[in-house]
Amino acid sequence: MIAAFFFTLFTATFRPAAPTVGDPIAIDFPAPVVLDKSPDYEIVSQRGAHVVVRTFEAKPFVLSGRMGGVAFTNLIVPVRSVLKEKDAMAPAPLIAPRREAFPRSVMIAIAIAVLLAIGLIVALVRRKKTPVEVVPQLTPAERFRRIVMELRDDEEALRRWARLADALRDYLAETGGVGRELTTLEVVARMRSEVVARILRQGDLEKFSPWGTSGDFENMADEALAMVPDVVEERAA
């Protein structure tokens, strides 16, 4: 037993070599060891020949236990205090934390955000002050007259007959009773108007016939303008 004690004393290694209060102290033995529990130290872990202990008293303490079936009781672990000799135990003076400089990048980002906000407010104010142009709502008759006059005055306009026929169909549909889904024959039969018949037929020829159209467009446009009141009277009747 004495031989085992000296063997343990001279072969066990400590880390750290000079532990202080509260430090985890790793001890490696030459063989698996089981430490005894003691109020002088705390067993943090035990794995085979490696153990970790610690104490919160500033004085050496003695380990005891069994290694390889042999008991030992006098393994002294040195522990020193973290305080200096004859320490007055006075608390350290409080030092105000150093004020860190505000990051320049944050200042730049804030300045950009402020400028953008000011620009947005100015734009909104100017937008409110800008008068809004109110476009008067055209009646079906006024809209039809405008389209007819534009087509009549523009000799270079493409597909004038087809566009005139479409405008006439829109006008008849808006004034009631003549749907856009009706064929030319159905519209002509319902309206009983020579002007309507000629415009719709010329429009169909321009859309579908390879031989094109014939007739005086300007004269027919004038007749279309002149017939608008008559169409309104027919729809009212």
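That block above? That's the structure.
All values derive from a computational prediction rather than experimental measurement.

Let us look at the overall build of the protein. Within the protein one finds 7 helices and 7 strands. Secondary structure elements of the protein occur, N-terminal to C-terminal, as α-β-β-β-β-β-β-β-α-α-α-α-α-α. Counting only contacts in the protein whose residues sit at least 6 apart along the sequence, the fraction spanning at least 24 positions is 51%. When the accessible surface of the protein is split by element, carbon and sulfur atoms take 60% of a total near 16,700 Å².

Taken in spatial order, the 3 strands line up as β3-β6-β7 in an open sheet, and their pairing is antiparallel. One side of each edge strand has no neighbouring strand; the edge strands of this open sheet are β3 (33-35) and β7 (70-77). Each neighbouring strand pair of the sheet contributes to a mean axis angle of 35 degrees, computed without reference to strand direction. Pairing of β3 with strand β6 (residues 61-67), which is carried by 3 bridges, proceeds in the antiparallel orientation. The residue of β6 that forms the bridge with V33 is M67.

The end-to-end C-alpha distance of helix α4 (residues 160-174), which contains 15 residues, comes to 21 Å, matching closely the 21 Å that a straight helix rising 1.5 Å per residue would cover. Restricting attention to buried positions, one finds in α4 the residues R160, W161, A162, L164, A165, A167, L168, R169, Y171 and L172.

Turning to helix α3 (residues 140-153), a few remarks are in order. Three- or four-residue spacings in an α-helix give side chains the same orientation, since the helix completes a turn every 3.6 residues. With 14 residues, α3 extends 20 Å from end C-alpha to end C-alpha; this agrees with the ideal 20 Å at 1.5 Å per step. Listing the buried residues of α3 in full gives A141, F144, V148 and L151. Buried residues of α3, viewed axially, fall in a sector of 100 degrees; they line one side. Facing away from the buried side of α3 by over 90 degrees, the exposed positions are E150 and D153.

In this section: the pattern of salt bridges. Counted under the stated rule, the structure contains 9 salt bridges. Measuring nitrogen to oxygen at the nearest pair gives 2.8 Å for the salt bridge that ties K207 to D166. In this pair, K207 is assigned in helix α6 (residues 194-208) and D166 in helix α4, connecting sequence segments 41 residues apart. Each of R152, D153 and D222 takes part in one network of salt bridges that share partners.

Let's shift gears to the environment of V195. Mapping V195 onto the fold places it in helix α6. The buried category is assigned to V195, whose relative accessible area is 15%. Once the C-alpha coordinates of V195 and E223 are considered, the two residues, 28 residues apart in sequence, prove to be 6.9 Å apart. Contacts of V195, omitting those with residues within four sequence positions, involve M220, E223, A224 and M227.

Rules behind the numbers
Residues numbered from 1 in each chain as written. Predicted model: local features only at pLDDT ≥ 70, side-chain atom pairs only at ≥ 80, totals over all residues. Heavy atoms only, no water. Helix = DSSP H or I, 4+ residues; strand = E, 2+ residues; numbered from the N terminus. Contact = heavy atoms within 4.5 Å. Areas by Shrake-Rupley, 256 points an atom, 1.4 Å probe, with all protein chains shown as cover. Pairing = 2+ DSSP bridges. Axes fitted to C-alpha atoms, helices over the stretch in contact; angles between N-to-C directions. Expected span 1.5 Å × (residues − 1). Buried < 20%, exposed > 50% of the residue type's maximum accessible area, 1.4 Å probe, protein only. Arc of directions from axis to C-beta. Salt bridge = Lys/Arg side-chain N within 4 Å of Asp/Glu carboxyl O.

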